[in-house]
Amino acid sequence: MKVGDLVRVPKCGDIADCGCFFCHYDSNGIGIVKEQAEYRRGCQIWVVEFDCGEWDLANDEGEVISESR
């Protein structure tokens, strides 16, 4: 994951009344990596802009669907 990449977070599935950030705002779960943030618990964290706002995402929490050049 790097700045400019397009990433997708997995859908929550059939969880009724899921209150996560993405379900709460009915997000499509696709965002663009804006900047590198600090390491947390040994993982690199990235600031990602989604259709519902910014969210901090670890490398293993999202899938890169289009790499920046």
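Everything quoted here is computed from the prediction, not taken from an experiment.

A.B. asks: It is not clear to me how unusual backbone geometry should be interpreted in this structure. Could you clarify?
C.D. replies: A negative phi holds for most residues other than glycine; trans holds for most peptide bonds. With a phi angle near 50°, Asp26 is a residue other than glycine that sits in the positive phi range. Inspection of the secondary structure assignment puts Asp26 in the loop between α1 (21–24) and β2 (30–40). Take Asp26: its relative accessible area is 68%, and that puts it in the exposed class.

A.B. asks: I keep staring at the environment of His24 and nothing clicks. Help me out?
C.D. replies: Position of His24 among the secondary structure elements: in helix α1. For His24, a relative accessible area of 55% puts it in the exposed group. For the pair His24 and Ser66, spaced 42 residues apart in the sequence, the C-alpha separation amounts to 25 Å. Not counting the four nearest positions on each side in its chain, His24 is found in contact with Cys18 and Gly19.

A.B. asks: What am I meant to see in a nonpolar patch on the surface here?
C.D. replies: On the surface, Leu6, Ile32 and Ile65 cluster together into a nonpolar patch covering about 210 Å² of accessible area. In this fold, Ile65 is placed in strand β5 (residues 63–66). Since its relative accessible area comes to 32%, Ile65 is described here as partly exposed.

A.B. asks: What is the right way to read the pattern of salt bridges from this model?
C.D. replies: When the charged atoms of two side chains lie near each other, side chains of opposite charge can form a pair. On inspection of all chains with the given rule, the structure shows 5 salt bridges. The shortest N-O distance in the salt bridge between Glu49 and Lys34 comes to 3.7 Å. Taken as a pair, Glu49 in strand β3 (residues 43–50) and Lys34 in strand β2 lie far apart in primary sequence, 15 residues in all. Since its relative accessible area comes to 31%, Glu49 is described here as partly exposed. Connected via shared salt-bridge partners are Lys2, Asp5 and Glu67.

A.B. asks: Explanation requested: the packing of aromatic side chains in the structure shown.
C.D. replies: The way to describe two aromatic rings as a pair is by their centre distance and the angle between their planes. Within the structure shown, the criterion is met by 5 aromatic pairs. Ring geometry for Phe22 versus Phe50: centroids 4.8 Å apart, planes at 75°, classification edge-to-face. On the criterion of sequence distance, the pair formed by Phe22 in helix α1 and Phe50 in strand β3 is long-range, its members being 28 residues apart. Chaining the aromatic ring pairs together yields one cluster made of Phe21, Phe22, Tyr25, Phe50 and Trp55.

So, how was this worked out
- Residues numbered from 1 in each chain as written.
- Predicted model: local features only at pLDDT ≥ 70, side-chain atom pairs only at ≥ 80, totals over all residues.
- Heavy atoms only, no water.
- Helix = DSSP H or I, 4+ residues; strand = E, 2+ residues; numbered from the N terminus.
- Buried < 20%, exposed > 50% of the residue type's maximum accessible area, 1.4 Å probe, protein only.
- Contact = heavy atoms within 4.5 Å.
- Patch = residues over 30% accessible without salt bridge, like charges linked within 9 Å, V, L, I, M, F, W, Y side chains within 5 Å.
- Areas by Shrake-Rupley, 256 points an atom, 1.4 Å probe, with all protein chains shown as cover.
- Salt bridge = Lys/Arg side-chain N within 4 Å of Asp/Glu carboxyl O.
- Phe/Tyr/Trp six-rings, centres within 6.5 Å; stacked < 30°, edge-to-face > 60°.

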